[in-house]
Every structure is written in C-alpha cells, then in structure tokens.
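Structure assessment
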Amino acid sequence: MRFFGTTWVAHDGGYGLRRVGAALGSLAAALASCLVLRFAYEGLETAEVGSFVDVLVVVMFAVCSAIAFRRTWEGFVRRPADPGREESLRTLKMIGFIGSLIAYFLRSFAEAPGEGLRRGEYETAVTQYERRRTARAGNPAARRGGRGRKPKRG
C-alpha cells in the first residue's frame, strides 16, 4: 500500500496508473532477480561444486519462493495470527523474494496489494466511529428515561 497513499480509498488520484506501475515494477524486479540468480548458478557451475550442491541450491530457492509467495499472498487477505512466527520467517521470505514479487504482481491485477484487508479495517473503523458518534448525540437526559440529573450524594 505504500505506493498508493490514500488513493485506494476512493480509487482516485491516479490509482489505476499506480496499480499498473506497481504490477510492472514488481514483474521487472522479479525478472531481474531471476537473471541475477542465473548468474549465481552459473558461478556455481564454473566453480564445479558438484551436482548435489547445484540441485540443493535450486531446490532451496524453489521451496523458499513457494513459501514466500504463500505467506505474501495470505498477508494481503488477513493479518498474521502469530506475528512472532511471521518474524521468524522473515529470513526465509528474503531468500524466496522472487515468490513475494510474483505474488505482488499477480495481486495487482485484482486490487492494490493489501487493499482488501485495509478496506475491511477502514470500514470497520468508520462503522465504530459512527456508532460512537451517534451514541453521544442528543439530549443526555432523554437517554436516562427523562429523569434528568441524578441527585448528588452527600
């Protein structure tokens, strides 16, 4: 949501262009990241570390990317139940950053990533505010059954 400011609330102020820009930017970053990982893999081949290490590196990035994709996608829908666990997975998500970028790219087709979650929280906050505001309006004596002020004890 950091690229959208408050434009996601009413979909104004270049919201559509920002969504397209965010989608293209995340796709470009994912492609560039894949290129960098390819160079790193070629470096392993040049170093002749062996096929076991080659397979291990590929599997590690694939698994970390899949986990990062899933966690990022779920983060667009709901807040994590256990923030401590999410914090412990931060390193894994950094290794699988390509999965996070792809999740961001795909989510940009439907909405600004995280918009649904924030919109739900925003609407809940507005509803609670309206309830509190209407509860304070009017004559306080009328809410007490018309008895007026309570006598002071004394």
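The sections below set out a description of the structure shown in this document. Note that the structure is predicted; figures quoted are calculated from it, not measured.

Definitions and cut-offs
- Residues numbered from 1 in each chain as written.
- Predicted model: local features only at pLDDT ≥ 70, side-chain atom pairs only at ≥ 80, totals over all residues.
- Heavy atoms only, no water.
- Helix = DSSP H or I, 4+ residues; strand = E, 2+ residues; numbered from the N terminus.
- Contact = heavy atoms within 4.5 Å.
- Areas by Shrake-Rupley, 256 points an atom, 1.4 Å probe, with all protein chains shown as cover.
- Patch = residues over 30% accessible without salt bridge, like charges linked within 9 Å, V, L, I, M, F, W, Y side chains within 5 Å.
- Salt bridge = Lys/Arg side-chain N within 4 Å of Asp/Glu carboxyl O.
- Buried < 20%, exposed > 50% of the residue type's maximum accessible area, 1.4 Å probe, protein only.
- 1 Å grid on protein atoms, 1.4 Å probe; cavity = no way out; pocket = protein on both sides within 12 Å on 5 of 7 lines; lining within 4 Å.
- Points joined across faces, edges and corners; volume = space filled by probe spheres on them.
- Expected span 1.5 Å × (residues − 1).

Turning our attention to the overall build of the protein. Helix and strand content of the protein: 8 helices and 0 strands. Along the protein, from the amino end to the carboxyl end, the secondary structure elements read α-α-α-α-α-α-α-α. Taking contacts inside the protein between residues at least 6 apart in sequence as the whole, the part at least 24 apart equals 72%. For the protein, the accessible area works out to roughly 10,900 Å², and carbon and sulfur atoms hold 62% of it.

This next bit is on a nonpolar patch on the surface. Together, Trp73, Val77, Ile102, Leu106 and Phe109 make up an exposed nonpolar region whose accessible area comes to about 430 Å². When you line up the elements, Val77 lands in the loop between helix 3 (51-75) and helix 4 (83-88). The partly exposed category is assigned to Val77, whose relative accessible area is 42%.

Here we take up the layout of surface pockets. Of the pockets and cavities examined, the second largest pocket occupies roughly 170 Å³. Taken together, Cys34, Leu37, Arg38, Ala40, Tyr41, Leu44, Val57, Val58, Phe61 and Ile98 make up the full set of residues lining the second largest pocket. Those elements giving two or more residues to the lining of the second largest pocket turn out to be helix 2 (15-47) and helix 3.

Let us look at helix 3. Along its 25 residues, helix 3 runs 36 Å from first to last C-alpha, staying within 8% of the 36 Å computed at 1.5 Å per residue. All of the buried residues in helix 3 are Asp54, Cys64, Ser65, Ala68, Arg71 and Thr72.

Turning next to unusual backbone geometry. The phi dihedral of Glu48 falls on the positive side, at around 50°, and the residue is not glycine. Overall, the relative accessible area of 68% leaves Glu48 in the exposed class.

The next subject is the side chain of Arg107. With respect to the element layout, Arg107 can be found in helix 6 (residues 97-107). Setting aside anything within four residues of it in sequence, one finds Arg107 in contact with Trp73, Phe76, Val77 and Pro113.

Counted under the stated rule, the structure contains 8 salt bridges. The salt bridge involving Arg38 is made with Glu42; its shortest N-O contact spans 3.4 Å. Here Arg38 and its partner Glu42 are both found in helix 2, 4 residues apart, which amounts to about one turn of the helix. When the shortest N-O distance is used, the salt bridge between Glu74 and Arg70 registers 3.3 Å. Taken together, the positions of Glu74 and Arg70, both in helix 3 and 4 residues apart, correspond to about one turn of that helix. Connected through shared salt-bridge partners, Arg71, Glu86 and Lys93 make up one network.

Attention shifts here to helix 2. For the α-helix, the turn length of 3.6 residues means that residues three or four positions removed from each other point alike. The terminal C-alpha atoms of helix 2, which comprises 33 residues, lie 48 Å apart, in line with the 48 Å expected from a rise of 1.5 Å per residue. Within helix 2, burial applies to Tyr15, Arg19, Ala22, Ala23, Ser26, Ala30 and Ser33. Following helix 2 by one or two positions, Glu48 has its phi on the positive side, about 50°.

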